[in-house]
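Close look at the chain arrangement
Here is what each chain is made of, one letter per residue.
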Amino acid sequence: MKLLFTFLFLNFSVSAQLWIQLPDFPALKRDDGVAVVVNNKAYFGTGLIEWAATIDFHVLDLTNYSWSTMSTMPGTTERQYACAFAGNNCFYVFGGDGVGGALNSMYKYDTATNTWIAVASKPGNGLIGAVCMNFGDKVIISGGKFQNGKASAEVWEYTISNDSWVQKNNYPFSGRWRASATVHNNSGYLIFGRDSSGFYRKELYRYTPATDNWSKITNFALPEGRVYSSLNVASGKLFVFGGQDSLNHFYKDIWYFNESDSSWLQGPDIPGVGRRGGMSCALGTNFFYSCGLGEGDKRLTETWVTDIPVGIKENYLSNNFSIFPNPVNSMLTIETPEQHFENLNCNYEDLFGRTLGNLRPINSSDFDLSELNPGVYIFKFYSENKLIAVKKILKN
C-alpha cells in the first residue's frame, strides 16, 4: 500500500530550496496583520487591504493545511499594525492604527468558545506597530509609535491572570517602530525598527524580564537596518526573515542567529519576490508566512512554510556520504567512496519531524522509493544503529 503523505492532496509548489507553498490566504490580500498559534492552529487576521484596515480572521489548521473562517473582532475599529500573543488557549490582539488613530485597546479570543472579549486597555497613549514578547503569564509590549508619529521607547507588562498593566523601564536606546521581537530561552529579543529620526536600526537586543534589563548583543549581518521583518524561533533557533530597508529594498532572505559566537548564517531565500509586513508564526520545526507587501507595492495572498534546521546540518554528518538523484523518481542511490557502512537503513520523516516509516536498501547502495507519494521528506540514515547522515529529499 502506498504511504499517505499530506502534501499529495494539496496544490503545493515545491522549490529546491525547501520553501513549500501552501493554499493561499482565503480572504483579501493584505499586509501588516498578525498571526499567532494556539493548539496546532494558526490564526491570521487584521491588517491593511488596499488602503482600508480590517478585523477579519482566518484559521490555518497546521495538521492538514486547510483554511477556515472564524468570527471577526468585535466593534467597528479595524486595525493595522497591531500585535498579538497567545495564552491559556486564547490569543490576544493589542493596539494598532484604527479609524481614530493609535489604539490602546486589547481583545481576547477564546478558541474553546469562539468568542471575543474586551480586556483591560493599556493605560495612556495608544501604540501603532508595537511588539509583543510572551513570557507565560507576563507579556511585554513595547515600542511602536504614538499618534503624533514619534517612536515609542515605552515598555509595558501585561499580566494575563489578573488582566492588569504595569509600566516598566523604558528602552535604554531610542524608540523603535515596526521592530521585530520574540522570546527564546526565557529571554526576549528585539531587532530592527525605525527610530524617531527616521533611521532604520540593525541592532539585536536581549531583554531579561527578571531584572527588567536590556543589553545589546550584536548588529545584524548586513549593513542596512530594516522594518516590517519577522523575528521568530523554531527548532530552538532564533531567526529573522524578510523586511524592507531605507533604500526601499524588499528582502526575501532568512538568517539564523548563532548564540555561541553571535554570528549570522544565511538560509535559503523564499521563492519569488522580496516581501515585508506579512503575517508570520512558528510551531515546532516550521515557520509560516502569509500575505505581506511584495516588490512593486503589490499585496500578496501567498502562504509558505519552511522547515528550520534542527541542529544537524542538512548535507550530511559524514564527509564521505552522498545521495543521488535528488529530486528522485524511484531509485535513490547512496555513494560512500571512502567508507563502508554496515547494516544500513533509514527513517523518513515529514517536515514536522513525524516519522513515517523505515526503509532498508535493496542492495548495498540503492533504496527503492517508488512506493512513496510525492512530497518533501527528511531522510535519516543509520549504520549499526548510529546516525550517519541527514538529507532532505524531494520525491517526484
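Read on for a plain summary of the structure. (Residues numbered from 1 in each chain as written. Predicted model: local features only at pLDDT ≥ 70, side-chain atom pairs only at ≥ 80, totals over all residues. Heavy atoms only, no water.)

Looking at the overall build of the protein
- For the protein, the helix and strand inventory stands at zero helices and 35 strands.
- Taking 2.2 N^0.38 as the reference for a compact globule, 396 residues should give roughly 21 Å; the C-alpha atoms of the protein span a radius of gyration of 22 Å, in line with that estimate.
- Dimensions of the protein along its principal axes, counting C-alpha atoms only, are 70 × 45 × 45 Å.
- Within the protein, the fraction of its 396 residues that count as buried is 54%.
- Residue pairs in contact within the protein that sit at least 24 positions apart in sequence constitute 50% of those at least 6 positions apart.
- Carbon and sulfur atoms make up 46% of the accessible area of the protein, which amounts to about 16,600 Å² in all.
- Charged side chains in the protein number 33 positive and 36 negative. The centres of these two groups are separated by 4 Å. (Helix = DSSP H or I, 4+ residues; strand = E, 2+ residues; numbered from the N terminus. Rg over C-alpha atoms; globule rule 2.2 N^0.38 Å. Buried < 20%, exposed > 50% of the residue type's maximum accessible area, 1.4 Å probe, protein only. Contact = heavy atoms within 4.5 Å. Areas by Shrake-Rupley, 256 points an atom, 1.4 Å probe, with all protein chains shown as cover. Lys, Arg positive; Asp, Glu negative; His and termini not counted. Charge placed at Lys NZ, Arg CZ, Asp CG, Glu CD.)

Details of the pattern of salt bridges
- Under the criterion given, the structure shown has 13 salt bridges.
- R226 is the salt-bridge partner of D253, the closest N and O atoms lying 2.8 Å from each other. Placement of the pair is D253 in strand β21 (residues 250-258) and R226 in the loop between β18 (213-219) and β19 (230-234), with a sequence separation of 27 residues. Just as D253 is buried, R226 falls in that class too.
- We note a salt bridge from R275 to E302, for which the minimum N-O separation is 2.8 Å. On the criterion of sequence distance, the pair formed by R275 in strand β23 (residues 275-276) and E302 in the loop between β27 (298-299) and β28 (303-307) is long-range, its members being 27 residues apart. (Salt bridge = Lys/Arg side-chain N within 4 Å of Asp/Glu carboxyl O.)

Remarks on the packing of aromatic side chains
- Within this structure, the stated rule accounts for 41 aromatic pairs.
- Aromatic side chains Y171 and W214 sit 5.0 Å apart centroid to centroid with 85° between the ring planes, which places their arrangement in the edge-to-face category. Note that Y171 is positioned in the loop between β14 (164-167) and β15 (180-184) and W214 in strand β18, a separation of 43 residues in sequence.
- Note on F239 and F287: the rings are 4.9 Å apart at their centroids and 80° apart in plane angle, and the pair reads as edge-to-face. Separated by 48 residues along the polypeptide, F239 in strand β20 (residues 237-244) and F287 in strand β25 (residues 286-290) bring together distant segments of the chain. The same class applies to F239 as to F287, namely buried.
- Ring pairs connect the aromatic residues W19, F239, F241, Y256, F287 and Y289, which therefore count as one cluster.
- Across the ring face of W177, the terminal group of K145 is positioned such that the distance to the ring centre comes to 4.3 Å. (Phe/Tyr/Trp six-rings, centres within 6.5 Å; stacked < 30°, edge-to-face > 60°. Lys NZ or Arg CZ within 6 Å of the ring centre and 35° of its normal.)

Topic: the pairing of β19
- Burial runs high along β19: five of the five residues are buried.
- Both β19 and β20 contribute to a ladder of five bridges, which runs antiparallel. Paired with L231 across the strands is V240, a residue of β20.
- Linking β19 back to β20 in an antiparallel pair, the connection comprises two residues, with S235 at a positive phi of about 55°. (Pairing = 2+ DSSP bridges.)

Observations concerning the sheet that holds strand β26 (residues 293-294)
- Taken together, the three strands give an open sheet; going across it, the order is β23-β26-β27, and neighbouring strands pair in antiparallel fashion. Where the open sheet ends on each side, the last strands, each with one partner, are β23 and β27.
- Sheet topology places β26 next to β27; two bridges connect them, and they run antiparallel. The residue bridging G294 from the neighbouring strand is K298, located in β27.

Brief notes about the state of the cysteines
- A complete count under the given rule lists zero disulfides for this structure.
- Unpaired in this structure, C281 has its nearest cysteine sulfur neighbour in C291, at a distance of 12 Å.
- Judged by relative accessible area, C281 falls into the buried class, the value being 4%. (Disulfide = S-S within 2.5 Å.)

As for the environment of Y256
- For Y256, the position within the fold is in strand β21.
- The spacing of Y256 and G296 is 40 residues in sequence and 27 Å in space, taken between C-alpha atoms.
- Beyond its immediate stretch of four places on either side in the chain, Y256 contacts L238, F239, S263, W264, L265, G267, P268, I308 and P309.

Digging into the sheet that holds strand β4 (residues 41-48)
- What the four strands build is an open sheet, ordered β3-β4-β5-β6; its pairing is antiparallel. Edge positions in the open sheet fall to β3 (34-38) and β6 (66-69), since each of these has one partner strand only. Sheet twist, expressed as the average angle between the axes of neighbouring strands with direction ignored, equals 25°.
- For β3 and β4, the ladder comprises five bridges, and the chain directions are antiparallel. Counterpart to V37 in the pairing with β4 is A42. (Axes fitted to C-alpha atoms, helices over the stretch in contact; angles between N-to-C directions.)

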